[in-house]
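Report on the structure
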Amino acid sequence: MGGEQQHYYGKHGTPQKYDPTFKGPIYNRGCTDIICCVFLFLAIVGYVAVGIIAWTHGDPRKVIYPTDSRGEFCGQKGTKNANKPLLFYFNIVKCASPLVLLEFQCPTPQICVKKCPDRYLTFLNARVSQDWEYYRQFCIPGFQDNKGLAEVLRDGDCPAVLTPSTPLAQRCLPAIHAHKGVLMVGNETTYEDGHGGRKNITELVEGAKSANGVLEARQLAMQIFEDYTVSWYWIIIGLVIAMVMSLLFIVLLRFLAGIMVWVMIVLVILVLGYGIFHCYMEYTRLRGEAGSDISLMDLGFQTDFRVYLHLRQTWMAFMIILSILEVVIILLLIFLRKRILIAIALIKEASKAVGYVMCSMLYPLVTFFLLCLCIAYWATTAVFLSTSNEAIYKVFDDVTTCPVIGKTCNPETFPSSNESRLCPGAHCQFAFYGGESGYHQALLGLQIFNAFMFFWLANFVMALGQVTLAGAFASYYWALHKPDDLPAFPLFSSFSRALRYHTGSLAFGALILAIVQTIRVILEYLDQHLKAADNKFAKFLMTCLKCCFWCLEKFIKFLNRNAYIMIAIYGTNFCTSAKNAFFLLMRNIIRVAVLDKVTDFLFLLGKLLVVGSVGILAFFFFTHRIRIIQDTAPSLNYYWVPIMTVIVGSYLIAHGFFSVYGMCVDTLFLCFLEDLERNDGSAERPYFMSSNLKKLLNKTNKKLAES
């Protein structure tokens, strides 16, 4: 920046450099936080490498399609199980284990079969009957009937018992039904376990529930998908209505912001006044009633809170609390009236700025697209990492002196291996799904890295959007003659500056936030494991840590947002921008609080208006309650599917529009504070604020026409 350097003093007395040529976002700037930019590039390269490794080892078909204990898919063309589409569990009871959720498999032998069992048989009875050939098809492929009963059950060659089953999503699950409120399989309420004992049907239910949970979810998903296929165009119409309403609300804020704020303030005062009046009337009505003069201390704690409503002292306490709130609000209005007017003026000015930079309303689509890419890559990598486990077989033997017990083995080569000769009674049996290689041991670390990179990249995308919008709206504020001095393409210029010069700064801010978010995820993971432990101190410490990191995340988001605005305007590095923004806001903390609450109220009102209106309209339409178009609405399995989609989509659309508007308000506010401290209204240092703001502050530009 050229020109003679002078100094102006902030309210805290610190000298600040003044540049007389400054008229908005600086174009002559250099790259900032280059080291963080390099780190981000290396991290992305590492992230791609992790994805490639995961895609090489993982197989998401394990989640979708049934696989037997050897990891082979059932019913897949080109495999030896092509004509066996159903998965049969040897012991469905073991599916009740929590390992099902972690490993995507039940810890019991599983084979692919052509049909599910349709009769009740035990191995002991079937072997000496004419049902033996039928029973053998549910044993492992290649089973030779040359072992004793104990050896067969020990080696997991055959199931101990067959129960009548029905196919559901390519799995054989017990055909359990209720008869007069009693659970039964066939005509029995108990079943033989194949080891000479009998068990209750409820144990089968627990196992079937765990194995069937994901399958029921899939059926529900199919019905939901059918609802989407017949209602998608009506959903789009609802979202278009939400978009039009959001845009219309922002346009109307230019004219109605002041009215809405003051009406809300008056309503709050009236509601509190009515509350005080109602408390006084209840206090008067209870005078003389039996038991109403008992004090709260004498009554003590009661689980039925309605008891307190019969005491005069309760209504007196309510009346005092409401009176204090009423007085506080009135005093705040008296002393903060001017600051409320400034906040309203800034909101109106933001509506004008959005109108001049209309393409900013479309930028959330860019952010949404980039976030979808981040989510898709993270989810895909997470699924591939989760399905990287392999079927692990280990050596088992009843003789504890066998030196190879617990070692990994290959079931196909084990009979001819040295381990088999060393321990003749040993057998190679399926143990679990996992892996013992370095890659499998590093899976947890890779999942944490995957989550961390997702947070970093997602925060970077949102930071890029904030800097882009801040630069565009700052160009509007620092245009002395609006909109004539506004650049031709302010949004594109701001976007290119952010990527060209400040990728490192954006990565720095996103990195800090990603670290905190990753720690929060780890704390949640640890908290889930501590729930089973009866350690009150550990639970208390965990709660404190979660609360502290939640507050830290909120503070960092606030600091980052304002730091990005300063980066967009001045082109300084992240730390300098964060420091300058923080002290600028602290010097105007009351204005910050007032503006924040006023904008929060308006955005809440706007979201409730958009989401509520569109949601109610969708409810009446999809439930066939609008007679004029009653026959037009589609028939659905679940009418709440399109309704919830419209409501959530409307909220996201409204949030996207209002996030742009909120960024505009915050940017104009920081520019306004800088304008007040930097300029004095002289010909050399004119105010860039609007004429309405200058009028509120009794400021004028000498020898210059009003903006």
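To start, this report covers the structure provided alongside it. In this text the structure is predicted, and so the values were computed from the model without any measurement. For every chain, the first residue of the written sequence is number 1, and numbering continues from 1 onward in sequence order. Since the coordinates come from a predicted model, pLDDT governs what is reported: local features require at least 70, and pairs of side-chain atoms require 80 or more to be given and counted, while whole-chain, interface and lining totals use all residues. The side-chain numbers reported here are obtained from all heavy atoms of the structure, hydrogens and water having been left aside.

1. A look at the overall build of the protein
Put simply, the test is: Strands are runs of DSSP state E lasting at least 2 residues, helices are runs of H or I lasting at least 4, and numbering of each runs from the N terminus. We call a residue buried when its accessible area falls under 20% of the maximum for its residue type, exposed when it is over 50%, and partly exposed in between, using a 1.4 Å probe and counting protein chains only. The contact criterion used throughout is that any non-hydrogen atoms of two residues lie within 4.5 Å. Note on areas: Shrake-Rupley with a 1.4 Å probe; residue coverage comes only from the protein chains shown.
Along its length, the protein carries 20 helices and 14 strands. In the protein, which comprises 707 residues, the share counted as buried stands at 43%. Considering only intrachain contacts with a sequence separation of at least 6, the fraction spanning at least 24 residues in the protein is 69%. Carbon and sulfur atoms form 66% of the exposed surface of the protein, whose accessible area is close to 37,500 Å².

2. Comments concerning a nonpolar patch on the surface
Formally: Only residues whose relative accessible area exceeds 30% and that form no salt bridge are eligible for patches; like-charged ones are grouped when within 9 Å, while nonpolar side chains (Val, Leu, Ile, Met, Phe, Trp, Tyr) are grouped when within 5 Å. When a carboxyl oxygen of Asp or Glu lies within 4 Å of a side-chain nitrogen of Lys or Arg, that pair is called a salt bridge.
A cluster of nonpolar side chains, Leu-248, Val-251, Leu-252, Phe-255, Leu-256, Ile-259, Val-263, Met-264, Val-266, Leu-267 and Leu-270, forms an exposed patch at the surface whose accessible area comes to about 960 Å². You can see Leu-248 is positioned in helix 7 (residues 201–285).

3. Observations regarding the nonpolar core
Basically, it comes down to this: Think of a nonpolar core as a cluster: buried Ala, Val, Leu, Ile, Met, Phe, Trp, Tyr and Cys residues, connected wherever their side-chain atoms sit within 4.5 Å.
Ranked by size, the top nonpolar core spans 108 residues in total, and within it Trp-456, Leu-602, Tyr-661 and Phe-672 carry the most contacts. Among the elements that take part in this core, helix 13 (residues 443–477) stands out by supplying 19 residues, more than any other. Filtering out sequence-adjacent residues up to four positions away, Tyr-661 remains in contact with Ile-250, Leu-253, Ile-347, Lys-348, Ala-350, Ser-351, Val-354 and Phe-603. Counting 19 residues, the second largest nonpolar core, distinct from the first, contains Leu-86, Cys-116, Leu-121 and Cys-139.

4. A few points about the side chain of Thr-503
To be explicit about the condition: By the criterion applied in these results, polar contacts are pairs of N or O atoms within 3.5 Å in which, for protein atoms, one can donate a hydrogen and the other can accept it, and in which residues neighboring in sequence qualify only through two side-chain atoms.
For Thr-503, the location among the structural elements is in helix 15 (residues 503–530). Look at Thr-503 and you get buried, because its relative accessible area is 16%. A distance of 2.7 Å separates the side chain of Thr-503 from the backbone oxygen of Leu-499, its partner in a polar contact. Ignoring sequence-local partners within four residues, the contact set of Thr-503 consists of Cys-37, Leu-40, Phe-460 and Ala-498.

5. Overview of the pattern of salt bridges
On inspection of all chains with the given rule, the structure shows ten salt bridges. For Arg-285, the salt bridge goes to Glu-282, with nearest N and O atoms at 2.8 Å. Taken together, the residues Arg-285 and Glu-282, both in helix 7 and three residues apart, mark about one turn of the helix. For Arg-285, a relative accessible area of 47% translates into the label partly exposed. For Glu-553, the salt bridge identified is with Lys-557, shortest N-O distance 3.4 Å. Here the residue Glu-553 and the residue Lys-557 both occupy positions in helix 16 (residues 536–570), the gap between them amounting to four residues, near one helical turn.

6. Comments concerning the packing of aromatic side chains
Each aromatic ring pair is summarised here by two numbers: the centre-to-centre distance and the angle between the ring planes. Applicable threshold: When the centres of two rings from Phe, Tyr and Trp lie within 6.5 Å, Trp using its six-membered ring, the rings pair. Their planes under 30 degrees apart give stacked, over 60 give edge-to-face, and anything left gives tilted. Geometrically, a lysine NZ or arginine CZ counts as sitting over a ring once it is within 6 Å of the ring centre and also within 35 degrees of the ring normal.
Considering all chains together, one arrives at 31 aromatic pairs under this definition. Taking the centre distance of 4.7 Å and the plane angle of 70 degrees together, the rings of Tyr-47 and Tyr-377 count as edge-to-face. In this pair, Tyr-47 is assigned in helix 1 (residues 34–57) and Tyr-377 in helix 10 (residues 363–386), connecting sequence segments 330 residues apart. Looking at Tyr-47, the relative accessible area reads 4%, which means it is buried. Relative accessible area serves as the criterion here: at 21%, Tyr-377 is assigned to the partly exposed category. Over the ring of Tyr-134 we find Arg-119; its NZ or CZ atom is 3.7 Å from the centre of that ring. The ring of Tyr-283 carries Arg-312 above its face, with NZ or CZ at 4.0 Å from the centroid.

7. Focus on the state of the cysteines
The criterion, for reference: Two cysteine sulfur atoms make up a disulfide if the distance between them is within 2.5 Å.
If you walk through the whole model with that rule in mind, you get three disulfides. At a sulfur-sulfur separation of 2.0 Å, the disulfide partner of Cys-74 is Cys-112. Its S-S torsion of approximately -75 degrees makes the covalent link between Cys-74 and Cys-112 left-handed. Of this pair, Cys-74 sits in the loop between helix 2 (61–64) and strand 3 (86–89) while Cys-112 sits in strand 4 (residues 110–113); the two residues are 38 residues apart in sequence, bridging distant segments of the chain. Cys-112 matches Cys-74 in its accessibility class, with the two residues each being buried. In this model, Cys-116 is linked to Cys-172 through a disulfide, with the two sulfur atoms separated by 2.1 Å. Residues Cys-116 and Cys-172 share a disulfide whose torsion about the S-S bond is about -85 degrees; that sign makes it left-handed. Within this pair, whereas Cys-116 is found in the loop between strand 4 and strand 5 (121–122), its partner Cys-172 is found in strand 8 (residues 171–174), the two being separated by 56 residues in sequence. Looking at Cys-116, the relative accessible area reads 10%, which means it is buried.

8. Overview of the environment of Ser-505
Considering the arrangement of structural elements, one finds Ser-505 in helix 15. Classification of Ser-505 as buried rests on a relative accessible area of 0%. The sequence separation of Ser-505 and Tyr-564 amounts to 59 residues, and the corresponding C-alpha distance is 8.5 Å. Beyond its immediate sequence surroundings of up to four residues, Ser-505 is in contact with Thr-32, Asp-33, Tyr-564, Ile-567, Thr-572, Asn-573 and Phe-574.

9. Some remarks on the pairing of strand 4
This is how it is decided: Strands pair, by our definition, only if DSSP identifies at least two bridges between them.
What you see with strand 4 is no split at all: Gln-110 and Cys-112 on one side and Ile-111 and Val-113 on the other are buried throughout. Sheet analysis places strand 3 next to strand 4, joined by four bridges and oriented antiparallel. Note that in strand 4 the partner of Phe-88 across the bridge is Ile-111.

10. Focus: the environment of Trp-55
One can find Trp-55 in helix 1. Classification of Trp-55 as partly exposed rests on a relative accessible area of 37%. Between the C-alpha atoms of Trp-55 and Phe-384, which are 329 residues apart in sequence, the distance is 5.8 Å. When sequence neighbours within four positions are dropped, the list of residues in contact with Trp-55 reads Tyr-377, Thr-380, Thr-381 and Phe-384.

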